[in-house]
Amino acid sequence: MQGAAAGRRSPDSQRLKFQALSLDPGIRIPKLQKEMAIEGGDERIKKISTSIRVIPNFPKPGIKFQDITTLLLDPQAFKDTIDLFVERYKNQNISVVAGVEARGFIFGPPIALAIGAKFVPLRKPKKLPGEVISEEYTLEYGTDRMEMHVGAVHAGERAIVIDDLIATGGTLCAAIKLLERVGAKVVECACVIELPELKGRERLEGKPLFILVEA
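This text gives an overview of the structure that appears in the document. (Residues numbered from 1 in each chain as written. Predicted model: local features only at pLDDT ≥ 70, side-chain atom pairs only at ≥ 80, totals over all residues. Heavy atoms only, no water.)

1. Observations regarding helix H4 (residues 75-89)
Here comes step 1: Across its 15 residues, H4 extends 21 Å between first and last C-alpha, which sits within 8% of the 21 Å expected from 1.5 Å per residue.
Here comes step 2: Among all positions of H4, only Ala77, Asp80, Thr81, Ile82, Leu84, Phe85, Val86, Arg88 and Tyr89 are buried.
Here comes step 3: Following H4 by one or two positions, Asn91 has its phi on the positive side, about 65 degrees. (Helix = DSSP H or I, 4+ residues; strand = E, 2+ residues; numbered from the N terminus. Expected span 1.5 Å × (residues − 1). Buried < 20%, exposed > 50% of the residue type's maximum accessible area, 1.4 Å probe, protein only.)

What follows is the structure, given as structure tokens:
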């Protein structure tokens, strides 16, 4: 989850629309997925988008919080979310699914199990018990740090980074840097929601980003 409170801000329009943006040329987009990217006609996307609740003025005035807990309350919408990611990454030789604390821990493990990859938690400081490497990143006010266990990921492994939402992009950038420092290839970042007005995609410096809905 993006660290800044602004990471949950959405524009006045609360319409959530599908957007599948692409990609590493090494990843094949299934035909259905490509049609959805062009036409936005997949019924699963509509169900996912309508299951996400927008809460105004939380956690402070002026913020519109994108609440995925209502998605989790709908078993079919939750399953559809996982299925869309699995369809994209199966048969792509992904060996690492790295989940960003905390909501990346919700979506990452079922995706990892389904595609036969390991799940690697990327955590806030002093949460992992073993030896770690860390990466600092900038928040709206101040800085924070992300950590990963030493030895969890090895050089040459193909990884994807999972989170619920991309806002300013700070946490995803830190995750990419952590994985690349140990020699992994980050194939793509994947989020359920994008807040495009915060321009987090631009901070990824060309790294592919896949999203399901845009707020």
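2. What to know about helix H6 (residues 170-181)
Here comes step 1: In this model, H6 (12 residues) spans 17 Å end to end at C-alpha, consistent with the 16 Å of a helix rising 1.5 Å per residue.
Here comes step 2: With respect to burial, H6 is a largely interior element, nine of its 12 residues being buried.
Here comes step 3: Within the sequence span of H6, burial applies to Gly170, Thr171, Leu172, Cys173, Ala174, Ala175, Ile176, Leu178 and Leu179.
Here comes step 4: Phi for Gly183, located one or two positions after H6, is positive at around 95 degrees.

3. Section: the packing of aromatic side chains
Here comes step 1: All chains considered together, the criterion is met by four aromatic pairs.
Here comes step 2: When the centroid spacing of 6.0 Å and the interplanar angle of 85 degrees are considered together, the rings of Phe78 and Phe107 count as edge-to-face. Taken together, the residues Phe78 in helix H4 and Phe107 in helix H5 (residues 104-115) connect sequence positions 29 residues apart. (Phe/Tyr/Trp six-rings, centres within 6.5 Å; stacked < 30°, edge-to-face > 60°.)

4. A look at the packing of H4 against H5
Each packed pair of helices is defined by two parameters, the angle between the axes and the distance between the axes.
Here comes step 1: One can describe the packing of H4 onto H5 by two numbers: an axis separation of 9 Å at closest approach and a directional angle of 50 degrees. The pairing of H4 with H5 is recorded here as oblique in orientation. Taken as a pair, H4 and H5 cross one another with a handedness that is right-handed. In this structure, H4 contributes Phe78, Thr81, Ile82, Phe85, Val86 and Tyr89 to the contact, and H5 contributes Ile106, Phe107, Pro110, Ile111, Ala114 and Ile115.
Here comes step 2: A per-class count over the contact of H4 with H5 returns 11 nonpolar, one polar and no charged. (Axes fitted to C-alpha atoms, helices over the stretch in contact; angles between N-to-C directions. Parallel < 35°, antiparallel > 145°, perpendicular 65-115°, else oblique. Left-handed = near helix turned anticlockwise from the far one by under 90°. Contact = heavy atoms within 4.5 Å. Nonpolar A, V, L, I, M, F, W, Y, C, P; charged D, E, K, R; others polar.)

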